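Overview (structure and organization)
Below, each chain spelled out in residue letters.
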Amino acid sequence: QTCALPIYPRRGRRVEAVFQDGVNVESLEWNVDGTTQANLVDLLGAGEGSGTLIATATDTRRVGETYPLLEISGSFSDVRRASTLQAKADRVLSELRLPTETLSLVGRGEILGAVGVGDTLRVVADYGYLSVDALKRVAEISVECGDDGGETVAVSFVDEEVALS
């Protein structure tokens, strides 16, 4: 029997510790989720028919080169200023322009007690296609307790700039 112990988010800090493959990392997994990604955002504002406010934000740098055209639309019928609607479209685009990448690892050693959700630290690993040496922000920590009394600690990370945007 195992038990999952959730650790709830708290304010993060910069930790000088390093998770490094072969030192305190047993396994590593990288997930890329593009289900909410968009490079073209259309938002509708107040008004009806031809008088409806419309704001569009695009990131054409990656269209065709890396990603197909990925559109998303939304409505903010209470927004009456074009500049406000455009700012919302720009913000949505900045949040969705890249796929969500999550790096997860199973770690060991004293470093696990020094790291909490929200903390930023360096992660270093090289598995060929998956090569990382970057600052990552801890998004989730889960601890599984085994029948033998042992623990498995898994840590999930997001890119630091994603967490701060």
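Structure shown above.
Residues numbered from 1 in each chain as written. Predicted model: local features only at pLDDT ≥ 70, side-chain atom pairs only at ≥ 80, totals over all residues. Heavy atoms only, no water.

1. Structural notes on the pattern of salt bridges
Under the criterion given, the structure shown has 4 salt bridges. As a salt-bridge pair, Asp 119 and Arg 13 come within 3.2 Å of each other at their nearest N and O atoms. Taken together, the residues span a long stretch of sequence, with Asp 119 in the loop between β7 (100-107) and β8 (120-127) and Arg 13 in the loop between β1 (4-6) and β2 (14-20) at a distance of 106 residues. Asp 59 is the salt-bridge partner of Arg 61, the closest N and O atoms lying 2.9 Å from each other. Relative accessible area serves as the criterion here: at 56%, Arg 61 is assigned to the exposed category. (Salt bridge = Lys/Arg side-chain N within 4 Å of Asp/Glu carboxyl O. Helix = DSSP H or I, 4+ residues; strand = E, 2+ residues; numbered from the N terminus. Buried < 20%, exposed > 50% of the residue type's maximum accessible area, 1.4 Å probe, protein only.)

2. Remarks on a nonpolar patch on the surface
A cluster of nonpolar side chains, Trp 30, Val 32 and Tyr 129, forms an exposed patch at the surface whose accessible area comes to about 370 Å². With respect to the secondary-structure elements, Trp 30 resides in strand β3 (residues 25-33). Classification of Trp 30 as partly exposed rests on a relative accessible area of 33%. (Patch = residues over 30% accessible without salt bridge, like charges linked within 9 Å, V, L, I, M, F, W, Y side chains within 5 Å. Areas by Shrake-Rupley, 256 points an atom, 1.4 Å probe, with all protein chains shown as cover.)

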